[in-house]
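# Observations on the model geometry
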Amino acid sequence: MRVKTFEAASMQEALNIVKREMGEEAFILSTRTKQKKGALGMVEEAMIEVTAAMDENAPVPAPPRNGTQPTYSLRQPLAGRGAEPQPRQEVRPAQAPPPPMDLQPLRRELLEIKGAVEALKEQESRNTAILHELDQMKALLNRIQKQGMPSAQLHLPASLLELYGGLVANDVDPMIALRLCEYTQRALLDQGGEEAVDSEKARLFMRRVIADFIPVASPIQLDPGKTRVAALVGPTGVGKTTTIAKLAAYAKLELKQRVALVTLDTFRVAAVDQLQQYAEILKVPIHVALTIEDLRSALRFYQDRTLVLIDTPGHSPKDTEVLGQLRHLLDELPEVETHLVLSATTKPRDMADIAQRFEPLKPGRLIFTKLDETSTYGPILSTLVRVKKPLSYLGTGQEVPQDLELATSRRVADLILPVPQGVGA
């Protein structure tokens, strides 16, 4: 093993030097910022010091031709964003003692806060009921799969048969589509008799039913004085790193919170590049953790941060060895909030299988990305029914942080069963 330390004016320049001197397979062992001293001990500028290692048998990269230096670049999705605003100093003129404080507005605020807390409790109770209903639906799906596809949809009225076809065309599982149509038919008949099952009323009612079946999670909660740790897991290519950049950018730029990034990725120089670029753009620290002790050390060091986001290696869900290693790391963090990231472009049958294979990592929430790259959204509903985990965020594009939405049941209903133009929801 050959170990060497490099100094540069920026992290990107340091990574370029490591790549040029040691190649793409080099390992980053540590990074730190140091002050370069000039004459008489005066501090001239900050320098980035990177310690890297490579295998003795690894080939040494050939020098660039014609003396040119290789360049590595990444589009800055947050270009143009300024640094954090400096706190404004207020000059207060001398004035008479203030009148006695009116406590009535404070009492009203306390009552509003109490009402909000009660509403959250009601939402939690509602989610519990939804998950119970999902259990029943999953049992129905398993029973139908064993018995074969029924012909019940042939007995649906024309309005619901049209809705059934639309759901299946949107890649909703046929069994779930049938259950939604049957439930809608019974409810509308109970309300107003046979004539009640018209197309417009059936569509609007089914949208409400779909919304009720979608358990959603609150956003990552950030509390002053506490450190929230969130990890994103999932297969290769679903957009974990970009989603972490969006979460970090929103917390840093919009909420004005202190953020840190930790990566457990492949530890090769090439694998750190993208997250490192985002970290430099956002001016947030990043730590590469190679071992459990590295991870513990990073979290101790960043305990003054409001949010620590952990990027994990992308790999095939069938790679049980890598999954086991990642589970061992995350088991050391009982307080971590784990989100399973899935791509909306994944085939419906594969999506539920992926979610099941990542279950040992104990994800508590789901994130669906790449909604802009597909025209069918039924697999989102089918996966939520089978996996029974609440939905936290939706990724709708590559822009940081704009293309990340807080998931709502209404938004999912819009994707699964859009309202025709000119019709109210």
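Residues numbered from 1 in each chain as written. Predicted model: local features only at pLDDT ≥ 70, side-chain atom pairs only at ≥ 80, totals over all residues. Heavy atoms only, no water.

### Quick look at the overall build of the protein chain
Regarding its fold elements, the protein chain presents 12 helices and 11 strands. Taking the contacts inside the protein chain whose residues are at least 6 apart along the sequence as the reference set, 75% of them involve residues at least 24 apart. Here the protein chain has roughly 23,600 Å² of accessible surface; of this, 52% comes from carbon and sulfur atoms. (Helix = DSSP H or I, 4+ residues; strand = E, 2+ residues; numbered from the N terminus. Contact = heavy atoms within 4.5 Å. Areas by Shrake-Rupley, 256 points an atom, 1.4 Å probe, with all protein chains shown as cover.)

### Section: the sheet that holds strand β9 (residues 365-369)
Reading across from one edge, β6-β5-β7-β4-β8-β9-β10-β11 is the order of the 8 strands in this open sheet, with mixed pairing throughout. The two strands at the open ends of the sheet, each matched to only one other strand, are β6 (286-288) and β11 (404-406). Pairs of neighbouring strands in the sheet enclose a mean axial angle of 25°, with direction left out of account. By the bridge criterion, 3 bridges tie strand β10 (residues 391-395) to β11 in an arrangement that is antiparallel. Counted as the bridge partner of Leu394 is Glu405 from β11. (Pairing = 2+ DSSP bridges. Axes fitted to C-alpha atoms, helices over the stretch in contact; angles between N-to-C directions.)

### Things to note about empty space enclosed by the protein
Summed over all chains, the structure comprises 1 cavity of 30 Å³ or more. There is about 90 Å³ of room inside the largest cavity. For the largest cavity, the full set of lining residues is Val238, Gly239, Thr242, Thr243, Lys246, Thr369, Lys370, Asp372, Glu373, Gly395, Gly397 and Gln398. Broken down by element, the residue count for the lining of the largest cavity peaks at 3 residues, all from helix α6 (residues 240-254). (1 Å grid on protein atoms, 1.4 Å probe; cavity = no way out; pocket = protein on both sides within 12 Å on 5 of 7 lines; lining within 4 Å. Points joined across faces, edges and corners; volume = space filled by probe spheres on them.)

### Considering helix α8 (residues 292-301)
Taken together, the buried positions of α8 are Ile292, Leu295, Ala298 and Leu299. Burial along α8 is one-sided: seen end-on, the buried residues are contained in an arc of 125°. (Buried < 20%, exposed > 50% of the residue type's maximum accessible area, 1.4 Å probe, protein only. Arc of directions from axis to C-beta.)

### Some remarks on the nonpolar core
Counting 67 residues, the largest nonpolar core has Leu167, Leu180, Met206, Ile210, Val262 and Phe368 as its most contacted members. Residues within four places of Val262 in sequence aside, it is in contact with His287, Ala289, Leu295, Ala298, Tyr302, Val308, Leu309, Ile310 and Asp311. Membership of the second largest hydrophobic core comes to 26 residues, among which are Ile244, Ala245, Leu247 and Ala251. (Core = buried A, V, L, I, M, F, W, Y, C linked by side-chain atoms within 4.5 Å.)

### Let's talk about the confidence of the model for the protein chain
Summing up the model confidence of the protein chain, the mean pLDDT is 78 and the portion of residues at 70 or higher is 74%. β9 holds the highest mean pLDDT among the elements of the protein chain, 95, whereas helix α2 (residues 104-147) holds the lowest, 66. The model gives residues 68-86 a pLDDT under 50, and that stretch makes 29 contacts with residues more than four places away or in other chains. Low confidence marks residues 146-150, where pLDDT is under 50. Its contacts with residues over four positions away, or in another chain, come to 6 contacts. (pLDDT = per-residue confidence, 0-100.)

### Some points on helix α3 (residues 158-169)
Here α3 spans 16 Å end to end across 12 residues, near enough to the 16 Å set by a 1.5 Å rise per residue. Residues of α3 that are buried: Ser159, Leu160, Leu163, Tyr164 and Leu167. Take α3 and look down its axis: the buried residues cluster within an arc of 135°, on one side only. In α3, the exposed residues that point more than 90 degrees away from the buried face are Ala158, Glu162 and Ala169. Positive backbone phi, approximately 65°, marks Asp171, located one or two places after α3. (Expected span 1.5 Å × (residues − 1).)

### Description of the packing of α3 against helix α5 (residues 199-213)
Closest axis-to-axis distance for the α3/α5 pair is 9 Å, and the angle between their directions is 45°. On the basis of the axis angle, α3 is oblique to α5. Of the two possible hands of crossing, α3 and α5 adopt the one that is right-handed. Touching Ser159, Leu160, Glu162, Leu163 and Leu167 of α3 are Ser199, Ala202, Arg203, Met206 and Ile210, all from α5. Of the residues assigned to the contact of α3 with α5, the class counts are 6 nonpolar, 2 polar and 2 charged. (Parallel < 35°, antiparallel > 145°, perpendicular 65-115°, else oblique. Left-handed = near helix turned anticlockwise from the far one by under 90°. Nonpolar A, V, L, I, M, F, W, Y, C, P; charged D, E, K, R; others polar.)

### Brief notes about the side chain of Lys389
Looking at the element boundaries, Lys389 is found in the loop between α11 (378-387) and β10. Taking relative accessible area as the criterion, Lys389 reaches 14% and is therefore assigned buried. A polar atom in the side chain of Lys389 sits 3.4 Å from the side chain of Glu359. Among residues more than four places away in sequence, those in contact with Lys389 are Pro215, Glu359, Pro363, Gly364, Leu366 and Leu384. (Polar contact = N/O pair within 3.5 Å; in protein donor to acceptor, adjacent residues only side chain to side chain.)

### Considering the side chain of Thr338
Tracing the backbone shows Thr338 in strand β8 (residues 337-343). Other than its neighbours up to four places away in sequence, Thr338 contacts Ala231, Val233, Leu361, Lys362, Pro363, Gly364 and Arg365.

### A few points about the packing of aromatic side chains
How two aromatic rings sit relative to each other is set out by the distance from centre to centre and by the angle between their planes. Summed over all chains, the structure comprises 1 aromatic pair. An angle of 75° between the planes, with centres 5.2 Å apart, marks the rings of Phe301 and Tyr302 as edge-to-face. A residue is classified by how much of its surface remains accessible, and Tyr302, at 5% relative accessible area, is buried. (Phe/Tyr/Trp six-rings, centres within 6.5 Å; stacked < 30°, edge-to-face > 60°.)

### Describing the pairing of strand β7 (residues 307-311)
Most of β7 sits out of view: 5 of its 5 residues are buried. Of the two faces of β7, both are covered, the one formed by Leu307, Leu309 and Asp311 as well as the one formed by Val308 and Ile310. Bridge count for strand β4 (residues 228-233) against β7 is 5 bridges, and the pairing is parallel. Looking across to β7, one finds that Leu232 is bridged to Asp311. Bridge count between strand β5 (residues 259-263) and β7: 5 bridges; the pairing is parallel. Bridged to Val262 within β7 is Ile310.

### Some remarks on a nonpolar patch on the surface
Together, Val3, Phe27 and Leu29 make up a nonpolar patch on the protein surface, roughly 250 Å² of accessible area in all. Turning to its location among the elements, Leu29 is positioned in strand β2 (residues 27-37). (Patch = residues over 30% accessible without salt bridge, like charges linked within 9 Å, V, L, I, M, F, W, Y side chains within 5 Å. Salt bridge = Lys/Arg side-chain N within 4 Å of Asp/Glu carboxyl O.)

### Considerations on the pattern of salt bridges
In the structure shown here, the tally under the stated rule is 13 salt bridges. Here Asp350 ties to Lys347 by a salt bridge, and the two come within 3.8 Å at their closest N and O atoms. By relative accessible area, which is 32% here, Asp350 ends up partly exposed. Residue classification places Lys347 among the exposed residues on the basis of a relative accessible area of 55%. Residues joined in a network through salt bridges with shared partners are Arg207, Arg410 and Asp414.

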